[in-house]
Amino acid sequence: MARGLNPPGVTSHCFLSLLMLKSYWLLGLASQKPVVPADSQQPQQEFAHSVRLDGDIILGGLFPVHARGERGVPCGELKKEKGIHRLEAMLFAIDLINKDPELLPNVTLGARILDTCSRDTYALEQSLTFVQALIERDSTDVRCANGDPPIFAKPDKVVGVIGASASSVSIMVANILRLFKIPQISYASTAPELSDNTRYDFFSRVVPPDSYQAQAMLDIVTAMGWNYVSTLASEGNYGESGVEAFVQISRESGGVCIAQSLKVLREPRPGEFDKIVLRLMETPNARAVIMFANEDDIRRILDAAKRNNLTGHFLWVGSDSWGSKISPVVQQERVAEGAITILPKRTSVDAFDRYFKSRSLSNNRRNVWFAEFWEENFGCKLGMHGKRPGSPKKCTGLEKVGRDSTYEQEGKVQFVMDAVYAMAHALHHMHRELCAGYPGLCPRMANIDGKELLAHIRAVGFNGSAGTPVTFNENGDAPGRYDIFQYQINNQSIAEYKVIGQWTNQLHLNMEAMQWSTGDPSLPASVCSLPCRTGERKKVVKGVPCCWHCERCEGYHFQASEFTCELCPYEKRPDRNRTSCQPIPIIKLEWHSPWALLPVFISVLGIIATTFVIVTFVKYKDTPIVRASGREMSYVLLTGIFLCYIITFPMIAAPDVVVCSFRRIFLGLGMCFSYAALLTKTNRIHRIFEQGKKAVTAPRFISPASQLVITFSLISVQLLGVLIWFIADPPHTFVDYGEQRTQDPGNARCVLKCDISDLSLICSLGYSILLMVTCTVYAIKTRGVPETFNEAKPIGFTMYTTCIIWLAFIPIFFGTAQSAERMYIQTATLTVSLSLSASVSLGMLYMPKVYIIILHPEQNVPKRKRSFKAIVTAATMTSKLSQLAAERPNGEVKTELCEGVEANVPPTKNTYVSYTNHAM
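Because the structure is predicted, anything quoted here is derived from the model rather than measured.

Thresholds applied
- Residues numbered from 1 in each chain as written.
- Predicted model: local features only at pLDDT ≥ 70, side-chain atom pairs only at ≥ 80, totals over all residues.
- Heavy atoms only, no water.
- Helix = DSSP H or I, 4+ residues; strand = E, 2+ residues; numbered from the N terminus.
- Buried < 20%, exposed > 50% of the residue type's maximum accessible area, 1.4 Å probe, protein only.
- Contact = heavy atoms within 4.5 Å.
- Areas by Shrake-Rupley, 256 points an atom, 1.4 Å probe, with all protein chains shown as cover.
- 1 Å grid on protein atoms, 1.4 Å probe; cavity = no way out; pocket = protein on both sides within 12 Å on 5 of 7 lines; lining within 4 Å.
- Points joined across faces, edges and corners; volume = space filled by probe spheres on them.
- Nonpolar A, V, L, I, M, F, W, Y, C, P; charged D, E, K, R; others polar.
- Patch = residues over 30% accessible without salt bridge, like charges linked within 9 Å, V, L, I, M, F, W, Y side chains within 5 Å.
- Salt bridge = Lys/Arg side-chain N within 4 Å of Asp/Glu carboxyl O.
- Axes fitted to C-alpha atoms, helices over the stretch in contact; angles between N-to-C directions.
- Parallel < 35°, antiparallel > 145°, perpendicular 65-115°, else oblique.
- Left-handed = near helix turned anticlockwise from the far one by under 90°.
- Phe/Tyr/Trp six-rings, centres within 6.5 Å; stacked < 30°, edge-to-face > 60°.
- Lys NZ or Arg CZ within 6 Å of the ring centre and 35° of its normal.
- pLDDT = per-residue confidence, 0-100.
- Disulfide = S-S within 2.5 Å.
- Pairing = 2+ DSSP bridges.

(A) Quick peek at the overall build of the protein. For the protein, the count of helices and strands is 25 helices and 27 strands. Here the protein, with 920 residues, has 49% of them falling under the buried criterion. Partitioning the intrachain contacts of the protein with sequence separation of at least 6 by distance along the chain shows that 68% fall at a separation of at least 24. By element, 56% of the accessible surface of the protein is carried by carbon and sulfur atoms, the whole surface being about 44,500 Å².

Structure representation (structure tokens):
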């Protein structure tokens, strides 16, 4: 028979199979009977146990109209407040919604309300009524007595359910409703388990879960400065889950630790409460006791503390089961004094009071249990079929609620109405989205999608029946709102609960309104560990946040407070006791350092060699070799080489404004002098031989004066850049605290530096490097000129070698930017690179000349002068010879060119010839 049931989108598993068999059996009993006419006197059994209101959209309702039955009976006595008051609140809310022209206009809400009898299994059976319309019946095997196919009564399609009350009932019902994707909004279930959106994804509630209450109690404990507490719970779902939530949240927050977690059994043995009090005294520092217990257990714990002379020792923090009730503290006012309790914020709905007091047997026939309520409320009997056969008094029907009986609105009426309104607002938003401008239900809402409705429920936001906002979080929970009370005894010895604060997602506590049994206005203590020594902080023990062990502040941290180590300012390090910070010592590159000795040694040698060359050139200034080298340009070039060596000393010297100024000026100036002179020379050679290929006239600006003007024009660009640098950012020193910031603060040092950043260094040397690269290009272009005619090839080799030096400099300099020895490595690399480039120029361009001047003066003799035309013709022929030699077989070139060359080329003898020797 189970094959006739086909719930859409549901996986097939054991629980579902059993559930479907059960539902089919239950539904089959009623659905396979002939349909009873509406005017029949026989009561319709299908609705005998429920309240049914017709409507365009049907909402289900689950209420504990009756208590749990005994000895196998499912239902017991009637629950007037928790059952009838809440049920009538749902009917009242539906009436208001149907009368509201702004909410669900032209749409009528109906209801199908069932009794759970305060039993989860019975509620599960009743809730199967809500899913009848979603179950497909297989009628192929069913026939009426006359052979006709059966006619099944069309069940109400319930789109959402209001309820249930008890958490255990809601958990059971939620498991079946989620299978059929029917949203559910509870008005009283507070179990934290229902916040699990993976298991109860279609469940929502307008009351805060107990986890919020636990959070509020933890916030109270934290605000009081208590970090060592015990917990006490009554055995059962409420007490144990409440304490479990408190312990879990306290562990996550890490600010409170649990000394002991004790539990009161359902059937406590004699002397049990005295044992509990004595166990609490095993951890006397944990004076605060968090209580999730029922009224009887609270009263007996207070009595046990009183018997054991512990009045004033314990600091009680009670949950909403204590709240502002008088019964737990009767005749125990002194031992309960100072207790802090919590109670959900609730408001009486005056409109419901007027509605319920106006209910009578004549105007409330829709509530099938109202007659039973009438008998119970007024203590009378309604005719022969009344539920109170032993009552001598007969009901007249003229009794009035609140006049002939006591009446006080049940505490959850507000939340029942809010749940109904939340469902209505969700349907309203869904109707506005799917049926825009359509009066009544449109075809798109003929079959309401439960998932879509759930999304609208979670998105609602409105002011509820008591004026408080109604919203849901991602788990379907309502925000927590609680009042905080303290049990106080005033000067007239009158004990009362006084509101000292409230909790709405965060705690608002009036400390000044609190008072304690000792009369001391200061807060009593409930702490765990002893203070730490100087230089140590309190490190909270993992999992026990109220206790700690002492830990010394490490690294650059010092003890800032009892619980924290703070980082010293960047320019400081902790002192020996780590109670304060002291300045980090400042260092600089010292002259005796190995990183300074090598560059200084190379520079001194270079300065001596350069001085020797300069003296030699000055002494032999009129000799052919000196004159052929171009005396003026040689002096400029040698000046640049000298400056390249000199810069080592300001780079190593202790930084100050003067030293930093010298660094800025001479860092790129020496290279600029050198490569400006070399560039001018190579450019002159290139222009001469390019001009010679076109005409016999000499090019312009090749005289020594012109060469000096060009050279100093190039140098002036560098000087102009340095001047702008001086104006824009005057030189100064600064202290670099990060370069030698070691892990051990004792070894940390800060470095005194000039304000020359890597970018500034690149800009300062960039122009000189540009001159160097340009000079190298000209050296390549003039590489074909015979070495007997000029200095092109020595200049070329000089530039090639210099480029290699600076190419090696770049990765070494910038690759050590993160090194602890950065200052030493970069300074040494830069100065050595400058010295090496100067040494290459000095060695390749001038040492051969000095060698001839000093050791071979016989070669330093004048040669015959040759015309510009002869020089250019010889160079051109040589160039052509070299070109053709690369293109023709051996011997052919010589045959072609020998005749043209013999007339112009002088006898082959190596002579030192320069353009200065010739009339141009």
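(B) Local environment of the layout of surface pockets. Its boundaries defined by the atoms lining it, the largest pocket holds a volume of some 1,500 Å³. Broken down by secondary-structure element, the contributors of at least two residues to the lining of the largest pocket are α2 (80-99), α4 (167-177), α5 (210-223), α6 (237-253), α8 (295-307) and β13 (340-344). Tallying contributions element by element places α4 first for the lining of the largest pocket, with four residues. Looking at the lining of the largest pocket residue by residue, the classes come out as 16 nonpolar, 16 polar and 16 charged.

(C) Quick look at a nonpolar patch on the surface. A surface patch of nonpolar side chains, about 370 Å² in accessible area, is lined by Phe601, Val604, Leu605 and Ile608. Tracing the backbone through its elements, the reader meets Phe601 in helix α14 (residues 594-619).

(D) The packing of helix α16 (residues 631-646) against helix α22 (residues 822-845), seen in detail. Relative orientation of the contacting elements α16 and α22 amounts to 150 degrees, with a least axis distance of 8 Å. The orientation of α16 relative to α22 falls into the category roughly antiparallel. When the axes of α16 and α22 are compared, the crossing they make is left-handed. Contacts from Leu637, Leu638, Ile641, Cys644 and Tyr645 in α16 reach Leu834, Ser835, Ala838, Ser839, Ser841, Leu842 and Leu845 in α22.

(E) A look at the packing of aromatic side chains. Counted according to the given criterion, the structure contains 20 aromatic pairs. Considering the side-chain rings of Phe63 and Tyr187, the 5.1 Å spacing of their centres and the 15 degrees angle between planes classify their relative orientation as stacked. On the criterion of sequence distance, the pair formed by Phe63 in strand β2 (residues 57-63) and Tyr187 in the loop between β7 (184-186) and β8 (203-205) is long-range, its members being 124 residues apart. The burial state of Phe63 is the same as that of Tyr187; both residues are buried. When the centroid spacing of 5.4 Å and the interplanar angle of 35 degrees are considered together, the rings of Phe370 and Phe373 count as tilted. Here Phe370 pairs with Phe373, and both are found in helix α11 (residues 370-378), just three residues apart, close to one helical turn. Take Phe370 and Phe373: they sit in the same class, and that class is buried. Aromatic rings pair up to connect Phe92, Phe352, Tyr355, Phe356, Phe370, Phe373, Trp374, Phe378 and Tyr407 into one cluster. Here Lys849 stacks its cationic end above the ring of Tyr846, 5.8 Å away from the centre of that ring.

(F) Focus on the pattern of salt bridges. Taken as a whole and assessed by the stated rule, the structure comprises 24 salt bridges. With a shortest N-O distance of 2.8 Å, Arg205 and Asp477 are connected by a salt bridge. Of the two residues, Arg205 is situated in strand β8 and Asp477 in the loop between β15 (469-470) and β16 (482-489); the sequence distance between them amounts to 272 residues. Its salt-bridge partner being Arg403, residue Asp404 comes within 3.0 Å of it at the nearest N-O pair. Judged by relative accessible area, which is 40%, Asp404 ranks as partly exposed.

(G) Looking closely at the confidence of the model for the protein. Taken as a whole, the protein shows an average pLDDT of 80; of its residues, 83% reach a score of 70 or greater. Scored below 50 in pLDDT, residues 889-920 shows 51 contacts in the model against residues more than four places distant or in partner chains.

(H) Region of interest: the environment of Ala191. Within the element layout of this structure, Ala191 appears in the loop between β7 and β8. Placed 19 residues apart in sequence, Ala191 and Asp210 show a C-alpha to C-alpha distance of 5.9 Å. Excluding its chain neighbours within four sequence positions, the residues that come into contact with Ala191 are Ser167, Arg205, Asp210 and Asn237.

(I) Molecular detail of empty space enclosed by the protein. Scanning all chains against the criterion turns up four cavities of 30 Å³ or more. If you add up the space inside the largest cavity, you get close to 130 Å³. Taken together, 16 residues line the largest cavity, and the ones lying closest to its centre are Lys345, Gln414, Phe415, Thr468 and Arg481. Mapped onto the lining of the largest cavity, the elements with two or more residues apiece are α12 (413-434) and β15. Counting residues per element, the lining of the largest cavity draws most heavily on α12, at three residues. Split into classes, the residues belonging to the lining of the largest cavity amount to eight nonpolar, four polar and four charged.

(J) Spotlight on the state of the cysteines. Applying the stated criterion across every chain yields a total of seven disulfides. Between the sulfur atoms of Cys380 and its disulfide mate Cys395 the distance is 1.7 Å. Handedness here is read from the sign of the S-S torsion; for Cys380 and Cys395, about 95 degrees, the answer is right-handed. Within this pair, whereas Cys380 is found in the loop between α11 and α12, its partner Cys395 is found in the loop between α11 and α12, the two being separated by 15 residues in sequence. Cys395 carries the same exposure label as Cys380, and that label is buried. Here Cys435 engages in a disulfide with Cys442; their sulfurs sit 1.7 Å apart. Given an S-S torsion of about -60 degrees, the disulfide between Cys435 and Cys442 has left-handed geometry.

(K) Spotlight on the sheet that holds β13. A sheet is described by the order of its strands in space; here eight strands give the open sequence β10-β9-β11-β12-β13-β16-β17-β18, paired in mixed fashion. Looking at the sheet topology across the chains shown, the edges are occupied by β10 (257-264) and β18 (507-509). Averaged over all adjacent pairs, the angle separating strand axes in this sheet is 25 degrees, with direction ignored. In terms of strand pairing, β13 meets β16 through five bridges, oriented antiparallel. Across the sheet, residue Thr341 finds its bridge partner in β16, namely Phe485. Across the sheet, α5 lies against β9 (228-234), β11 (288-292), β12 (315-318), β13, β16, β17 (495-503) and β18, angled at about 170 degrees from β11, the strand it touches most. Where α6 meets the sheet, it contacts β9, β10 and β11, and its direction lies at approximately 160 degrees from that of β9.

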